[in-house]
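Listed below, chain by chain, are the residues.
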Amino acid sequence: MLLPLAFVGGCSSLQDFFGTAPNQRPAEVVVPLSERPVEDPLSANHFVLESPDQSVIGEPQVVYPNDTDTLSDLARAYGLGYDELIAANPDVNPWLPGADTPVLLPTQFVIPDVAREGIVLNMASKRLFYFPAVAEGQPVLVKTFPIGIGRVGWETPLGATEVVAKARDPHWYVPLSVRQEHAELGDPLPSVVPPGPDNPLGHRVLKLEMPGYLIHGTNQPYGVGMRVSHGCVRLYPENIEYLYELVEIGEVVTIINEPFLFGQRDGTVFFEGHTPLEDDVIDPVERLDLLLEQWNAALPDGFSDDEVARIQAAAELGAGIPSRIEAGWPGDPLDRARVVRNTVEVDPEAPTLAEVREMIDEAVREAAEEEGETESEGGASVPTDMSSSQL
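Since the structure is predicted, the reported quantities are computational estimates derived from the model, not experimental observations. (Residues numbered from 1 in each chain as written. Predicted model: local features only at pLDDT ≥ 70, side-chain atom pairs only at ≥ 80, totals over all residues. Heavy atoms only, no water.)

Asks: Requested: an account of the sheet that holds strand 19 (residues 260-265), with residues and values cited.
Replies: One open sheet accounts for 3 strands, arranged 19-20-21; its pairing is antiparallel. Two strands in the sheet have a free side with no partner beyond their single neighbour: strand 19 and strand 21 (323-324). Sheet topology places strand 20 (residues 268-273) next to strand 21; 2 bridges connect them, and they run antiparallel. The partner of Phe-271 across the bridge, within strand 21, is Ser-323. Packing against the sheet, helix 6 (residues 284-298) makes contact with strand 19 and strand 20, and its axis sits at approximately 25° to strand 19. On the sheet, helix 7 (residues 305-317) packs against strand 19, strand 20 and strand 21 and is oriented at approximately 30° with respect to strand 20. (Pairing = 2+ DSSP bridges. Helix = DSSP H or I, 4+ residues; strand = E, 2+ residues; numbered from the N terminus. Contact = heavy atoms within 4.5 Å. Axes fitted to C-alpha atoms, helices over the stretch in contact; angles between N-to-C directions.)

See below:
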């Protein structure tokens, strides 16, 4: 059974939680951020597994924003989604973090415990993992990207499917259900949207065998990493264009919803916890209980009571950052993060801060208005010569 979560509240910060670890061994010395070297950032999307047992990739990083950087700017520059960065930095102003504010980049990930083949989509973490085929005896490669997923009422179905078609610069054949929704909001849509800047599919589409669903780009990249679609999976334009060239027709796609993830690296166990989706039908306590039971059976000595408490606290916090379960090791990601240089590039054609804020606020508002709806309707986007699909 789970231990009580009396020591962590719903509004606890990362520092509140990670500072509670009992000293089972001497704590490692933490070097202040100001004394750490400023390094080049890690590769945002591409990792090589050093052993077949490795299921934790990347490292947490810290960056100092420029005066005009928003969390949306930083998310895209470092291969993250908006919600990921918000969850990791709950006390940071998302619009003007400030040049002296360290922003934690949650660029460490636990690979889901499923077959390492083709594309894996984890709805709970809003991330895509891709395992390209490699020659026998070669290291396993994994590429990971943030994704936008279906809003409440327009959930992306779970299960196994495959890529059945690909298209460049698709047309969007808007289904009646979506046209009706937009008409009710005073934003009527045409029956067909041609390729171009107004097409929400972007420039690349992977069609799934699952009727009505796509993996595609977007003309609103600031929504990547959020629940904003009608069930399809959205990527940053640069990510879908890269993935499009790698993925072949017939590749397996596995869609899961796993907010709690255990992983290992170099013999050490990590736990990554995300806030479960609002419409998750599985009770989070039961879900975590089952995982703890499985891992207790698999580990030689199981988890101690203190370790179970740390796992439960991380699950309750939902920061989405893998934490090493053993106490005494720097648990606060800021204490173990690399300080990296700021790589945000100023785009003179990018939306203004006010426009970005309006787009994100609108996406959040639409999701809130639809919360509680359960019916998901089919069809929203269609690449040329393809059947009707979700957006």
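Asks: Please provide a residue-by-residue account of unusual backbone geometry, values included.
Replies: Unlike most non-glycine residues, Lys-126 shows phi in positive territory, near 55°. Structurally, Lys-126 can be placed in the loop between strand 7 (118-122) and strand 8 (127-131). One non-glycine residue, Asp-169, lies in the positive phi region at around 45°. In this fold, Asp-169 is placed in the loop between strand 11 (159-168) and strand 12 (172-173).

Asks: Account for the pattern of salt bridges, naming residues and giving values.
Replies: It is possible for side chains bearing opposite charge to pair when their charged atoms get close. Scanning the entire structure with this criterion turns up 11 salt bridges. In this structure, Arg-265 and Glu-59 form a salt bridge, with 2.7 Å as the shortest nitrogen-oxygen distance. A residue pair is termed long-range when its members are at least 10 positions apart, and Arg-265 in strand 19 and Glu-59 in the loop between strand 3 (56-58) and strand 4 (61-63) qualify at 206 residues. Of the residues examined, Glu-59 reaches a relative accessible area of 29% and is grouped as partly exposed. Where Asp-280 meets Arg-287, a salt bridge forms, and the shortest distance between an N and an O atom there is 2.8 Å. When its relative accessible area of 17% is taken as the criterion, Asp-280 is described as buried. Given the relative accessible area of 9%, Arg-287 is considered buried. Here the salt bridges do not stand alone but share partners, grouping Arg-227, Glu-278 and Asp-279 into one network. (Salt bridge = Lys/Arg side-chain N within 4 Å of Asp/Glu carboxyl O. Buried < 20%, exposed > 50% of the residue type's maximum accessible area, 1.4 Å probe, protein only.)

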